[in-house]
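Residues per chain are reported as follows:
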Amino acid sequence: MADALVETKLLLPRARRDTVPRPRLDGLLDRARTAPVTLVSAPAGFGKTTLLAAWLADAGQPVAWVSLDERDRRPESFWAYVLAALDRAVPGCGTAASTLLSTGQAPIESVLAGVVNELSVHDGEVVLVLDDLHLADGPGIRAGLDFLVDHLPPQLHLVLSTRADPALPLSRLRARGDLVEVRAADLRFDDEEAAAYLNDLNELGLPPDAVAALESRTEGWVAALQLAVLSLQGRADAAGFIDRFAGDDRFVVDYLVDEVLDRQPDDVRRFLLDTAVLDRLTAPLCEAVHAGPAGSGRVMLDLLDRQNLFLVPLDDHRRWYRYHHLFADVLRVHLLQERPGDVPELHRRACRWFAGTGETRDAPDAVRHALAAGDVDDAARLVELALRPLLRDRREAVVRRWIDDLPVDVVGDRPVLAIGFVGALMSSNDFGDVERRLDEVEAMMGRPASELVVADDGELASVPARIEMYRAALALVGGDPADTIARAGRAVAASPPGDDLTTAAAAALAGLARWASGDVVAARDAYVASAAGLTRAGHVADVLGCSLTIADLELTLGRLRDGQRTLEEALALAERHHAGPGVMRGTADMLVALSRVAWHRDDLATAADLLRRADDLGESAGLPQNAYRWRVAMARLRAAERDWPAALELLDDAERVYLGDFSPEVHPIHATRARVLVASGDVVGALAWAREHALGPDDELDYLREYEHVTLAKVLLAEHRGTGAPGTLRAATALLDRLLASAEAGARGGTVIEVEVLRAVAHRAAGDPRTALAALEHAVDLAEPQGWVRFLLDPGPDLAEVLDELAARRPASAYVRALVRTPAGPEHVPPREVLVDPLSDRELDVLRLLGSDLDGPAIARQMVVSLNTVRTHTKHIYTKLGVNNRRAAISRGHQLGLLARSPQR
């Protein structure tokens, strides 16, 4: 999980009242309104941000603004801010891309393709500003920027504000006429602008020759003029000051800052230098660092704000500020020159304040200041104390940065810290160095306790168990389920009382290994234990993921009621523990899983309603896998309605967005697709599927492919129905007999029900009604108490005769009577919602293409229309469907059954 976003970095800076009109730049800025890329490149203090803020204040179009800093050199942080800014400007356009980015598994090109495609059909233009790009620019960012520049949709205008040209193909953009450049020469104040700034805005009353001299010596550098104004205020000998003012930029800045600082009262000057060590300022923090009395921080910040002493507000409430970057740099230089011995103590005070807030979000600042003070031991202690909450909140990226920040010899005496770093690496799927680190931690634990440094003795007791737990995870990744189970058991045995997190993780690892081995009963029990431990540990979000697996396993075991109860209890747990707006991540997945339970009961109206509710919650309410799970669930619903084209379209889309996890893929999408092909009568296509996946009736059975082999049996039965070939029927029957024995041996009751139903169909086709009836009776005996229905309805006419005979045998069974009366076709399916204003044929074509990977121009080429026509159709589609972005339009289209393949014209 990426770090929490700092909202103030996404705010468009307020246009300053004390700015000089610059009509000579209007032409450049007017061109920038339509240019794909605008580069504002100049050294520090040339007014880049001020110019852009004033220009965009009345731009009349959405603006996505990102104020970058050094911490955004990490691609996950950089692009998280960019996507969040775009989503603010055009609601919904960055939601899916942000979710994909948060998985950490998708190439940045795939992430950006999603938002580019969304914007390509947006009815309107948007400006994306990356301010202070030089602070974040680097090799990790450039690939994504190159992709974005190369694939900019016409609606998006990219503005880059930077002190150094980025490594982009600027010459190519110039040659194509796609680049507007605003350089230092453009930004420098000329004589008229300097006079307006000095005399009109600041009322200095300087004669023309003094203005000209100052403009010449500063070369129009806005920051230098601003500093000069501060030095000139209240000075009687303005002419003498200007006469003595000379030198290159470095000397100019040094001279002016000396003048500004020297003219401040001692308390203001000391405050400025003391707080120069801070990246951001708030009153209590300033009081702690400056060692001032209560309330002095607020008073001083208000004073600096009123006097325009380079203080930049970071929020609308004026609680948090920062110094202008240039001013902050100069303050730090002077602090080091004047009081180098004070710097460590200032950082220590800042460290103590951030550490004392008790907020996990402040831990990174506390550690940074400890490191800046040279207190690596204190930094290590703070990191150790922050490990658990940061890993709980999925902020592995923060912990991983500290791996490089802390010296090896410091970590080498701290086993709790060292095992925490292993946890961060494992959570990031970075396994390369884990084995060596585990060996080192194990060796550390063999040393005398007096040689170890530990911040929390309770955590130390958990280290041996965590070593075994991480070794179990490595064994699972390496494909060794037996070693995984053995090491997970040792981890549980080694865990001290109350270490619920380690025992829960170990139980989940054992559950995964047993699940992959086909021992579903033991896997379910392990996951139940894991969920209980996670609940006690307060990791409620992880409980939701566990509950999905538990319910899946319970359905495999035939325990449909238990599966429903598991999901409903997890939903209730999430509601009790979620704080803040919206719902807990994973809630949508619970609803999708419940829709599967409703589908098995043949309660299609409830299934449809649950899927609608899940989709209405949006991307942020789902785990990364929910996108494909929702489509598969909706495909089942469409197949139950005999809407085969819509079902196949959904499954194709599910494969496109598929994202796996550590769970075994026991219900592959391609096998579900083959089932739809069989049900629709496309036996040839289903047989081609079996060949493609090397499936045969004589295969050695493996639980991981059980779903595929049951699907193969369906294919063979359908082939026999069409050809009458006895060999095919014998092969299907023999396969089903072996599948039954395997499922019964593993207590997989859900599979037993489905296989027995298919055995009833097979033996009826073979002319063996007695065996067919016995198979169906067995299926009903298992299905009725739990409420299974779909497995018995899907065969349709192939099972009707055997069902009638069973109904005659069991006249008192309401369950069997209902099966006989329920039609297999769509007659019993509740009617779908109908649009008051239906989509036109052309709008339906556009909607289907919106579900592809094509961007706006590509859709226009495909349809042989202009891009404006596509945008008009898209606007009408959004209005009629009641949505505001591409993803929502596709989901709504699926809900309404609008996205089945259109017939060939």
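Residues numbered from 1 in each chain as written. Predicted model: local features only at pLDDT ≥ 70, side-chain atom pairs only at ≥ 80, totals over all residues. Heavy atoms only, no water.

Asks: Before we move on, can you summarise the overall build of the protein with the specific residues and values?
Replies: Looking only at helices and strands, the protein features 48 helices and seven strands. Counting only C-alpha atoms, the protein reaches 115 × 75 × 45 Å along its principal axes. Taking all 905 residues of the protein together, 54% fall into the buried category. If you take every contact in the protein between residues at least 6 apart in sequence, the share linking residues at least 24 apart comes to 70%. Accessible surface computed for the protein: about 37,700 Å², of which carbon and sulfur atoms make up 52%. (Helix = DSSP H or I, 4+ residues; strand = E, 2+ residues; numbered from the N terminus. Buried < 20%, exposed > 50% of the residue type's maximum accessible area, 1.4 Å probe, protein only. Contact = heavy atoms within 4.5 Å. Areas by Shrake-Rupley, 256 points an atom, 1.4 Å probe, with all protein chains shown as cover.)

Asks: Requested: an account of helix 33 (residues 604–616), with residues and values cited.
Replies: Taking 1.5 Å per residue as the helical rise, helix 33 with its 13 residues ought to reach 18 Å, and the 18 Å between its terminal C-alpha atoms agrees with that figure. Glycine 618 sits one or two residues past helix 33 and shows a positive phi near 90 degrees. (Expected span 1.5 Å × (residues − 1).)

Asks: Give me the sheet that holds strand 5 (residues 179–183): which residues, what numbers.
Replies: Strand order in the open sheet formed by five strands is 2-3-4-1-5, with parallel pairing between adjacent strands. The open sheet has two edge strands with one neighbour each: strand 2 (63–67) and strand 5. The mean angle between the axes of side-by-side strands here comes to 15 degrees, regardless of whether they run parallel or antiparallel. Where strand 1 (residues 37–41) meets strand 5, five bridges bridge the pair, whose relative direction is parallel. Paired with serine 41 across the two strands is arginine 183, which belongs to strand 5. (Pairing = 2+ DSSP bridges. Axes fitted to C-alpha atoms, helices over the stretch in contact; angles between N-to-C directions.)

Asks: So what's going on with the side chain of glutamate 287? Which residues, and what values?
Replies: Assignment of secondary structure puts glutamate 287 in helix 15 (residues 283–290). Among buried charged residues, glutamate 287 stands out as having no salt bridge; its nearest opposite-charge side chain is arginine 298, 8.0 Å away. When sequence neighbours within four positions are dropped, the list of residues in contact with glutamate 287 reads Gly292, Pro293, Ala294, Gly295, Ser296, Gly297 and Arg298. (Lys, Arg positive; Asp, Glu negative; His and termini not counted. Salt bridge = Lys/Arg side-chain N within 4 Å of Asp/Glu carboxyl O.)

Asks: Would you mind going over the pairing of strand 4 (residues 156–162) in detail, with residue names and values included?
Replies: Most of strand 4 is tucked away: seven of the seven residues are buried. Every second residue of strand 4 is oriented toward a common face, with Leu156, Leu158, Leu160 and Thr162 on one face and His157, Val159 and Ser161 on the other, all of them buried. Of the pairings in the sheet, the one linking strand 1 to strand 4 comprises five bridges and is parallel in character. Bridging from a neighbouring strand, valine 37 pairs with leucine 158 of strand 4. Sheet topology note: the strand 3 (residues 126–131)/strand 4 ladder contains six bridges and is parallel. Within strand 4, the position partnered with valine 127 by the bridge is histidine 157. Between strand 3 and its parallel partner strand 4, the chain crosses via helix 6 (residues 139–150), and the hand of that crossover is right-handed. (Right-handed = clockwise from strand over helix to strand, strands pointing away.)

Asks: So what about helix 6? Which residues, and what values?
Replies: Here helix 6 spans 17 Å end to end across 12 residues, near enough to the 16 Å set by a 1.5 Å rise per residue. Regarding helix 6, the residues found buried are Ile141, Gly144, Leu145, Phe147, Leu148 and Val149. Turning to helix 6, the residues buried within the fold contact strand 1, helix 3 (75–89), helix 5 (108–120), strand 3, strand 4 and helix 7 (170–176).

Asks: Can you explain unusual backbone geometry? Please cite residues and give values.
Replies: Not every positive phi belongs to a glycine, and alanine 291 is a case in point at roughly 60 degrees. A relative accessible area of 55% means that alanine 291 is categorised as exposed. Located in the positive-phi region is aspartate 602, a residue other than glycine, with phi close to 65 degrees. Turning to its location among the elements, aspartate 602 is positioned in the loop between helix 32 (587–600) and helix 33. Given a relative accessible area of 13%, aspartate 602 falls into the buried group.

Asks: Lay out the packing of aromatic side chains in plain terms, naming residues and giving numbers.
Replies: With the rule as written, the count across this model stands at five aromatic pairs. Between the aromatic rings of phenylalanine 189 and tyrosine 197, the centroid separation amounts to 5.9 Å while the plane-to-plane angle is 65 degrees, which identifies the pairing as edge-to-face. Residue classification places phenylalanine 189 among the buried residues on the basis of a relative accessible area of 7%. When its relative accessible area of 10% is taken as the criterion, tyrosine 197 is described as buried. Taking the centre distance of 5.1 Å and the plane angle of 85 degrees together, the rings of tryptophan 353 and phenylalanine 354 count as edge-to-face. Across the ring face of tryptophan 320, the terminal group of arginine 280 is positioned such that the distance to the ring centre comes to 4.5 Å. One cation-aromatic arrangement involves arginine 675 over tyrosine 707; the distance from NZ or CZ to the ring centre is 4.1 Å. (Phe/Tyr/Trp six-rings, centres within 6.5 Å; stacked < 30°, edge-to-face > 60°. Lys NZ or Arg CZ within 6 Å of the ring centre and 35° of its normal.)

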